[in-house]
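# Structure at a glance
Letter by letter, the chains look like this.
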Amino acid sequence: MRAISGLWRWRRNPLRRTTDLVEAWVALAAVVLLCVGVPLAGWTAGSSAQASLQRAVRAQQQGRVETTARVLRPAPPALAAEARTSEQRFRRAVVARWAAPDGTSRTGTVTTSRGSDAPGDTFRLWTDRDGRAVAAPLARDTARAHAWVAGLTAAVLAGLGVELVRRLVMRRLRFRRYARLDRAWASVGPDWGRTGTGS
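I will try to describe carefully the structure that is included in this document. Just so you know, these numbers come straight off a predicted model, no measurement behind them.

Judged by pairing direction, the sheet is antiparallel, and its five strands sit side by side in the order β3-β2-β1-β4-β5 without closing on themselves. Single-partner strands in this sheet number two, and they are β3 (105-113) and β5 (133-134). Inspection of the sheet shows strand β1 (residues 64-74) paired to strand β2 (residues 91-99) by five bridges, in the antiparallel sense. Opposite alanine 69, over in β2, you have tryptophan 98 as the bridge partner. Along the sheet, helix α2 (residues 18-63) makes contact with β1 and β4 (122-128), crossing β1 at roughly 60°.

Here it is in structure tokens:
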């Protein structure tokens, strides 16, 4: 709103200062950037992130195979701590057996949900082409959500940048105006009220 209120300074006025005109141009530039540049920055960042994430989704889906694993036994505590990451604190580490893409049998320590951690239970497991257990591929909807977040973040940061630059320019202009006023005051101020000074 302040940016729009600065536009009145374009009017012809004998009291208009150069800094008033500069403020009006800065206000117009800020409005244009906020209305056009910020959405464009968000769209560009979101589109770029979307393209990159969708390539990653395709690569992960081509390089990973879903299989069924069977729980053999709970994992020893030392191996369980290594197999569990911070996102998997609600999962249990187990020793399981699964078939690799080439048909060979593999055994290893993996994590599974608490409801399927008893010996003999089966659960879905993703492996790479060599049969090693890996995380599930990124879902397309999750990739799209990440792209939206990236675009929104870029737009917010661009908007904050525009406003920060506008405020810095306005502050600089205000200091310049005050400095000019101080110089004018210093040149005429001491003579005010004295007889014969013409004031």
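That was the structure; now back to the text.
Another point: α2. Compared with an ideal rise of 1.5 Å per residue, which puts 46 residues at 68 Å, α2 spans 64 Å between its outermost C-alpha atoms and is within 8% of the ideal. At leucine 33, α2 shows its largest bend, some 40°.

Helix length check: helix α4 (residues 140-188), at 49 residues, gives a terminal C-alpha distance of 72 Å against a target of 72 Å (1.5 Å per residue), a fit within 8%. Those residues of α4 that sit buried are Ala143, Ala147, Gly151, Ala155, Gly159, Val162, Arg166, Met170, Leu173 and Arg177.

Next up on the list: the nonpolar core. Ala69, Val71, Val94, Ala96, Trp98, Val110, Phe123 and Leu125 together form the largest nonpolar core, which totals eight residues. Secondary structure elements with two or more residues in this core: β1, β2 and β4. Among the elements that take part in this core, β2 stands out by supplying three residues, more than any other.

Bringing a nonpolar patch on the surface into the picture now. Judged by side-chain polarity, Leu152, Val156, Leu157 and Leu160 come together as a nonpolar surface patch covering roughly 420 Å² of accessible area. As for its placement among the helices and strands, valine 156 is situated in helix α4.

What counts, and at which threshold
Residues numbered from 1 in each chain as written. Predicted model: local features only at pLDDT ≥ 70, side-chain atom pairs only at ≥ 80, totals over all residues. Heavy atoms only, no water. Pairing = 2+ DSSP bridges. Helix = DSSP H or I, 4+ residues; strand = E, 2+ residues; numbered from the N terminus. Contact = heavy atoms within 4.5 Å. Axes fitted to C-alpha atoms, helices over the stretch in contact; angles between N-to-C directions. Expected span 1.5 Å × (residues − 1). Bend = angle between axes of the 7 residues up to and from the residue. Buried < 20%, exposed > 50% of the residue type's maximum accessible area, 1.4 Å probe, protein only. Core = buried A, V, L, I, M, F, W, Y, C linked by side-chain atoms within 4.5 Å. Patch = residues over 30% accessible without salt bridge, like charges linked within 9 Å, V, L, I, M, F, W, Y side chains within 5 Å. Areas by Shrake-Rupley, 256 points an atom, 1.4 Å probe, with all protein chains shown as cover. Salt bridge = Lys/Arg side-chain N within 4 Å of Asp/Glu carboxyl O.

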